[in-house]
Amino acid sequence: MIVFRNVHKRFGTKQVLQGFSLDVKEGETMVVIGYSGSGKSVALKHVVGLLAPDEGEVEVDGRIVHQLDRAGLVELRSQIGFVFQFAALFDSMTVRENLALGLRRQKVNSRTIEERVRESLALVDLMGAEDRYPAELSGGMRKRVGLARAIALRPRYLLYDEPTTGLDPVTAAVINELMVRTRERLGVTGIVVTHDMTSAYRVADRIAMLYRGAIRQVGTVEQVQRTHDPIVRQFIEGRPEGAADAEGAAAGTTR
Amino acid sequence: MYNLVAVRVAGWISALGRAGHFLSDVTRSLRDVGTWAGLTAVQMRRIGVQSLPIAVFISIFTGIVLALLSSYSFTGAVPLYFVGTFVGKAMMLELAPVLVGLALAGRVGANIAAELGTMRVTEQVDALETLAYNPHAYLVVPRVVAATSMFPVVVALAMAVGMGAGWIASISLLELSTPDFVKGLRLFYQFKDVWFGLVKAMSFGLVIALIGCHKGLSTRGGAEGVGRETTSAVVLSAEMILVLDAFWAVVLL
């Protein structure tokens, strides 16, 4: 279980998160939606300790992430797969080496590594791409390799940072199906941050909207679709005019 | 005006704090031998072996110029075999370490800063962390160990090539025989001449790699940020080489 408790995070004068609280239950896929630049990715990076909160805490399986020592953080990270917005593949390594890197860190033997690489690439329909370099792959393929690298670790949690951003609708749909398939086959708990509502409706068990640094509404897909909150409605319908201050929501408050 | 000074001073203190924090992280990462040991050989080849051509190029022309300049300066008042003395001393004590150091500040320092900077802005460094690697142990320590150990090797070769070039220039362009050149070379030779140059080279390698890594990992803001930090790494490395050069002269000579 992942719990965000009253998380505050500021960069310089920009207050990005202010009282962000959210519970992600075991086995569910929680989609966090919000304007671009509203702090969704910042919240996600707190889960793996890439960022530490100024106030508040993030708890994963009873462990407060920012209080973990180096060994504790390594142990925690071995249970979490992170799919980056632009895949973040190591461009000097082949697809196989990208997938094997995390496994080698976990001291997995080379035969198991080879099997895991094959299985993970099969799960994202990229068999045969083992010896290609990231520069030789399309945007959609890179995202799939990023997903394969995360699931090769057999994590308990999968965190997706804007998994469909920058993709054409068909490739985005393929990524959505892969996320659903991954959850069904591996039974992982997931957090997906996105502003792509098609993706959110397809993969979510619950949806939470981040607005002005805090959760504005959280509920099932149906609850969010039926919401009367004008800010959430404007966002999910993609209307340019309405109650929400898109600029303010994106930039956070400046003090 | 006072505000501007205060902001500048605060900026310097903050930069010093970040550099101190970085050094402490790198020092702690030395314990993670399993991560960095296997990666160091690759960096030794990239930083050391691949720098040999530029070092040889610089030292050949420096050796030739030194021989001709010394002969021109002596104007018959000083015995010509002192050309060997001048070429040897200048190459070992100063020109091989400093000129090669400055060239490698560009080649190695820029390469490290640009590579790590690109990795930072494309989230590859974050990806390393999520795969449970310590980025300092994986990225910084191998480069620092490689540069510190390989710079003296490169500079030693530059010293030898520079003196060789000076000798060839002396016997072919000046009226100096090989025995006379060697006599001059050995006249005031001390082993300290060699290790002084190599200690300097080692310190240059350490500083260039640390600055390149620190600037690279501090990069923010995409391609422009990578360009800015790379330039900054080269300029700061060149400045530090000159500062260290003076420091070692004061401390060791």
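Here the structure is shown first, and the text comes after it.
How each quantity is defined
- Residues numbered from 1 in each chain as written.
- Chains lettered and ligands numbered in written order.
- Predicted model: local features only at pLDDT ≥ 70, side-chain atom pairs only at ≥ 80, totals over all residues.
- Heavy atoms only, no water.
- Phe/Tyr/Trp six-rings, centres within 6.5 Å; stacked < 30°, edge-to-face > 60°.
- Helix = DSSP H or I, 4+ residues; strand = E, 2+ residues; numbered from the N terminus.
- Buried < 20%, exposed > 50% of the residue type's maximum accessible area, 1.4 Å probe, protein only.
- Lys NZ or Arg CZ within 6 Å of the ring centre and 35° of its normal.
- Pairing = 2+ DSSP bridges.
- Axes fitted to C-alpha atoms, helices over the stretch in contact; angles between N-to-C directions.
- Parallel < 35°, antiparallel > 145°, perpendicular 65-115°, else oblique.
- Left-handed = near helix turned anticlockwise from the far one by under 90°.
- Contact = heavy atoms within 4.5 Å.
- Salt bridge = Lys/Arg side-chain N within 4 Å of Asp/Glu carboxyl O.
- 1 Å grid on protein atoms, 1.4 Å probe; cavity = no way out; pocket = protein on both sides within 12 Å on 5 of 7 lines; lining within 4 Å.
- Points joined across faces, edges and corners; volume = space filled by probe spheres on them.
- Nonpolar A, V, L, I, M, F, W, Y, C, P; charged D, E, K, R; others polar.
- Buried area = accessible area lost by both parts, 1.4 Å probe.
- Polar contact = N/O pair within 3.5 Å; in protein donor to acceptor, adjacent residues only side chain to side chain.

The final tally for this structure, using the stated rule, is 9 aromatic pairs over all chains. On the basis of an interplanar angle of 85° and a centroid distance of 4.9 Å, the ring pair of Phe4 of chain A and Phe20 of chain A is categorised as edge-to-face. Highlighted residues: Phe4 of chain A in strand β1 (residues 2–11) and Phe20 of chain A in strand β2 (residues 14–24), separated in sequence by 16 residues. Side by side, Phe4 of chain A and Phe20 of chain A carry an identical accessibility label, which is buried. Between Tyr133 of chain B and Tyr138 of chain B, the aromatic rings sit 5.1 Å apart at their centres with planes inclined by 70°, giving edge-to-face as the arrangement. By relative accessible area, Tyr133 of chain B is classed as buried at 6%. If you follow Arg105 of chain A out to its NZ or CZ, it ends over the ring of Tyr133 of chain B, 5.1 Å from the centre. Between the NZ or CZ atom of Lys183 of chain B and the centre of the ring of Tyr81 of chain B, over which it lies, the distance is 4.1 Å.

Residues and elements named next belong to chain A. Counted residue by residue, helix α1 (residues 40–47) has 7 buried out of 8 residues, so it is predominantly covered. Three or more residues of α1 are buried, namely Lys40, Val42, Ala43, Leu44, Lys45, His46 and Val47. Among the residues trailing α1, Gly49 stands out with phi positive, at a value near 75°.

Our focus in this paragraph is the pairing of β2 of chain A. Residue and element names in this part refer to chain A. Pairing of β1 with β2, which is carried by 8 bridges, proceeds in the antiparallel orientation. Bridging across to β2, His8 finds its partner in Gln18. Two successive antiparallel strands, β1 and β2, enclose a turn made up of 2 residues, where Gly12 displays a positive phi of approximately 65°.

All names here are of chain A. Contact pair helix α3 (residues 95–105) / helix α4 (residues 110–123): the axes reach a minimum separation of 10 Å and the direction vectors enclose 125°. Relative to α4, α3 is oriented oblique. Read as a crossing pair, α3 and α4 show a hand that is right-handed. Within the contact between the two elements, α3 uses Val95, Arg96, Leu99, Ala100, Leu103 and Arg104 and α4 uses Ile113, Glu114, Arg116, Val117, Ser120 and Leu121.

Here we come to the pattern of salt bridges. Residue and element names in this part refer to chain A. Following the criterion strictly, the structure yields 30 salt bridges over all chains and no others. Of the charged contacts in the structure, one is a salt bridge between Arg156 and Glu26, with a shortest N-O distance of 2.8 Å. Residue Arg156 is located in the loop between α5 (139–151) and β7 (157–161), and its partner Glu26 is located in the loop between β2 and β3 (29–33); the two are separated by 130 residues in the primary sequence. Note on Arg156: relative accessible area 36%, which makes it partly exposed. Using a relative accessible area of 47% as the deciding quantity, one classes Glu26 as partly exposed. Two residues, Arg63 and Asp61, come together in a salt bridge whose shortest N-O distance is 3.9 Å. On the accessibility criterion, Asp61 (29% relative accessible area) is partly exposed. The network of salt bridges with common partners includes Glu26, Asp61, Arg63, Glu75 and Arg156.

Attention now goes to unusual backbone geometry. Residue and element names in this part refer to chain A. A positive phi angle, near 50°, is found at Asp61, a position not held by glycine. Within the secondary structure, Asp61 sits in the loop between β4 (55–60) and β5 (63–64). One non-glycine residue with positive phi stands out, namely Ala88, at about 50°. Relative to the assigned elements, Ala88 resides in the loop between β6 (80–83) and α3. Overall, Ala88 belongs to the buried group, its relative accessible area being 3%.

With that out of the way, let us pick up the layout of surface pockets. If you add up the space inside the second largest pocket, you get close to 620 Å³. Lining the second largest pocket are 24 residues, with Ser92, Met93 and Leu101 of chain A together with Leu39 and Tyr138 of chain B positioned closest to its centre. With 7 residues, helix α2 (residues 33–47) of chain B is the single largest residue contributor to the lining of the second largest pocket. Within the lining of the second largest pocket, the residues separate by chemical class into 10 nonpolar, 6 polar and 8 charged.

The partner chain A presents 22 residues to the 17 residues of chain B that form the contact. Both faces combined, the contact of chain B with chain A buries some 1,700 Å², and carbon together with sulfur accounts for 56% of it. Put simply, chain B and chain A have 4 salt bridges between them. Notably, a salt bridge pairs Arg77 of chain A with Glu129 of chain B, separated by 3.4 Å at the nearest N-O pair. Between the two partners, chain B and chain A, sit 7 residue pairs in polar contact (both at pLDDT 80 or more). Taken together, the elements giving at least two residues each to the side of chain B that touches chain A come down to α5 (124–130) and α6 (135–173) of chain B. A per-element tally of the side of chain B that touches chain A places α5 of chain B first, with 6 residues. Of the residues that constitute the side of chain B that touches chain A, the class distribution is 8 nonpolar, 5 polar and 4 charged.

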